[in-house]
Amino acid sequence: MGHTRLNTTVHEFILVGLTGCQDMQIILFVVFLICYLASLTGNVLIILISRISPQLHTPMYLFLSNLSFLDIWYTSSIVPKMLIHFLSVKKGISFDGCFTQLFIHLCLGGTECYLLLAMAYDRYVAICSPLHYTTIMHPALCIKMASGSWIGGLANSLIHTIFALQLSFCGPNIMNHFFCEMPAVLELACTDTSLNKTVIFFCAVFVVMLPFFLILITYGYIISSILNISTSLGRQKAFSTCASHIIVVALFYGTIIFMYMRPGNTHVANQDKMATLFYSVVTPMLNPFIYTLRNQDVKAAFLGITRKKEGVNKNTYK
Ligand SMILES: *[C@@H]1O[C@H](CO)[C@@H](O)[C@H](O)[C@H]1NC(C)=O
C-alpha cells in the first residue's frame, strides 16, 4: 500500500491519544472498556431480538438491526486499539493500519447517515400514511434502501481513501488524535491537501447534508401530522416512536456536521476529539438503549422471549 510510495517516509503514526495525562490512562481504560462491552451487548441483543421475535419483523426493526450491526463494527474499528493504547507507552499504528481504520470509519459513517434517513422515511410513511404503510414499505423497497445505504457508504469511503493515498507523508508522524480520522491524517501530509478538503466538502454535501435536510423535512411532516392527531393518547404514542429517532439523529449528525462541514478549517483541537468521541463511541453505545428503553414493542418482545424460556405460555401475559 502507501508506504511503498517514493515520497512517503512515514511507516507508522504515533497517536497522542485522548489525553497525555498518565494518571488518567487506567481510568479511561476502564471507562471505555465498560462502554465498549455495553455497546456490544446492547447491539447484539437488538439483532437477536429482532431476529427471534416475529412481531419485530418490520422494516423499522430490520433497519434498526442494520444500524446495530453497523455500530458493532464502527466501535470495533476504533475502541479495541484505543484500549490497547491506554495501556501502552508507545501509541503507534502502522501506515496500513491507519488507512484501514480511515476506510472502515468513513464507510460505516456514511452508511449510518443513509440508514438514519431510511429509518426516518419509514416513520414518515407509518405516521403520515398509515393505511398505505404495508404497500409502500414492502420488503423489496426495504432491501433496496438498506443495500443502497451500504453501497453509498462504501463509495464515499473509497473516494476519500483513494484521494488520501495520493498524499505523501514525510514526517512528523505524531497525530493529535486517538484514532486515524481524516482531518487528523490530512494535517500530517507534506503535500498539498486542498483537493482532498474540497472533495471531502462536496461528498459531505451528498452524504451528510442532503440526508440531514431530507430527515428534517420528514420530521417536519411527522410532527405536523402528530399535532393533528385528535386524542392525546394517540399523539403520545406516535411521538414516543419518533422521539428516540430524533435524539439519535441530533447526536449523530450534530457532531458530524461540527467536524466535517467547516470549509478550510480542519484543525484537530481538543474539542474536536470530544466531538469525535461522541459519534464514534457514545452514540453507538446509546443507540440500543435509546431505541429500546422507550419502546414498548421491544420490551414486550424481550419479556416474551424470557417468559417463553421460563416455560410460561406466551398468551398468558398478553
Ligand atoms: C438489513 O436490512 C435489510 C432490509 O430490510 C434486511 O433484509 C437485512 O436482514 C438487514 N440486515 C441486518 C444485519 O440486520
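Here, every reference points to the structure presented above.
These lines cover the structure that appears in this document, whether it is placed above or below. Computed from a predicted structure; not experimentally measured.

Let's shift gears to the pairing of strand β1 (residues 12-15). Alternating positions in β1 separate cleanly, Phe13 and Leu15 being buried on one face and Glu12 and Ile14 remaining unburied on the opposite face. Bridge analysis of β1 against strand β2 (residues 92-94) gives three bridges, and the strand direction is antiparallel. Residue pairing across strands places Glu12 opposite Ser94, the latter belonging to β2. Direction of pairing for β1 relative to strand β3 (residues 174-175): parallel, over a ladder of two bridges. Looking at β3, one finds that Leu15 is bridged to Met175.

In this section: the sheet that holds β2. Taken in spatial order, the three strands line up as β2-β1-β3 in an open sheet, and their pairing is mixed. Because the sheet does not close on itself, it has two edges, and the strands there are β2 and β3. Sitting on the sheet, helix α4 (residues 95-128) is in contact with β1, β2 and β3, with an inclination near 85 degrees to β2.

Considering all chains together, one arrives at two disulfides under this definition. With a sulfur-sulfur separation of 2.0 Å, Cys98 is cross-linked through a disulfide to Cys180. On the S-S bond that ties Cys98 to Cys180, the torsion sits near -110 degrees, and the link is left-handed. Here the residue Cys98 occupies a position in helix α4, and Cys180 occupies one in the loop between β3 and α7 (182-188), the gap between them amounting to 82 residues. Given a relative accessible area of 0%, Cys180 falls into the buried group. The residue that forms a disulfide with Cys170 is Cys190, at a sulfur-sulfur distance of 1.9 Å.

Right, let's talk about the nonpolar core for a bit. Membership of the largest hydrophobic core comes to 47 residues, with the highest contact counts inside it found for Phe63, Leu116, Val208, Ile215, Phe252 and Tyr253. Looking at which element gives the most residues to this core, the answer is α4, with 10 residues. Apart from residues lying up to four places away in sequence, Ile215 is in contact with Leu116, Leu117, Ala120, Val249 and Tyr253.

As a further point, take the site of the ligand. Taken together, Arg51, Leu62, Ser65, Asn66, Cys142, Ile143 and Ala146 form the complete shell of residues around the ligand. Arg51 is positioned such that a nitrogen or oxygen atom in its side chain is 3.4 Å from an oxygen atom of the ligand. Between the ligand and Ser65 there is a distance of 3.0 Å, counted from an oxygen atom to a side-chain nitrogen or oxygen. Notes on the ligand: free accessible area 360 Å², of which the protein chains cover 76%. Sorting the residues of the shell around the ligand by element identifies α2 (59-76) and α6 (139-165) as the ones contributing at least two each. For the shell around the ligand, the class distribution of residues is four nonpolar, two polar and one charged.

Remark: α4 packs on α6, axes separated minimally by 8 Å, with the N-to-C direction vectors making an angle of 150 degrees. Relative to α6, α4 is oriented so that their crossing is right-handed. Class assignment of the residues belonging to the contact of α4 with α6 gives a composition of 18 nonpolar, nine polar and no charged.

Turning our eyes to something else, we now look at helix α1 (residues 24-52). Over its 29 residues, α1 runs 42 Å from end to end, which matches the ideal 42 Å to within 8%, given 1.5 Å per residue. When α1 is considered as a whole, its buried residues turn out to be Gln25, Leu28, Phe32, Cys35, Tyr36, Ser39, Gly42, Asn43, Ile46, Ile47, Ile49 and Ser50.

A few words now on the environment of Ile127. Relative to the helices and strands, Ile127 resides in helix α4. Residue class for Ile127 comes out buried when judged on its relative accessible area of 15%. Contacts of Ile127, omitting those with residues within four sequence positions, involve Ile222, Ser225, Ile226, Ala238, Thr241 and Cys242.

Procedures and definitions
- Residues numbered from 1 in each chain as written.
- Predicted model: local features only at pLDDT ≥ 70, side-chain atom pairs only at ≥ 80, totals over all residues.
- Heavy atoms only, no water.
- Buried < 20%, exposed > 50% of the residue type's maximum accessible area, 1.4 Å probe, protein only.
- Helix = DSSP H or I, 4+ residues; strand = E, 2+ residues; numbered from the N terminus.
- Pairing = 2+ DSSP bridges.
- Contact = heavy atoms within 4.5 Å.
- Axes fitted to C-alpha atoms, helices over the stretch in contact; angles between N-to-C directions.
- Disulfide = S-S within 2.5 Å.
- Core = buried A, V, L, I, M, F, W, Y, C linked by side-chain atoms within 4.5 Å.
- Near = heavy atom within 4 Å.
- Polar contact = N/O pair within 3.5 Å; in protein donor to acceptor, adjacent residues only side chain to side chain.
- Areas by Shrake-Rupley, 256 points an atom, 1.4 Å probe, with all protein chains shown as cover.
- Nonpolar A, V, L, I, M, F, W, Y, C, P; charged D, E, K, R; others polar.
- Left-handed = near helix turned anticlockwise from the far one by under 90°.
- Expected span 1.5 Å × (residues − 1).

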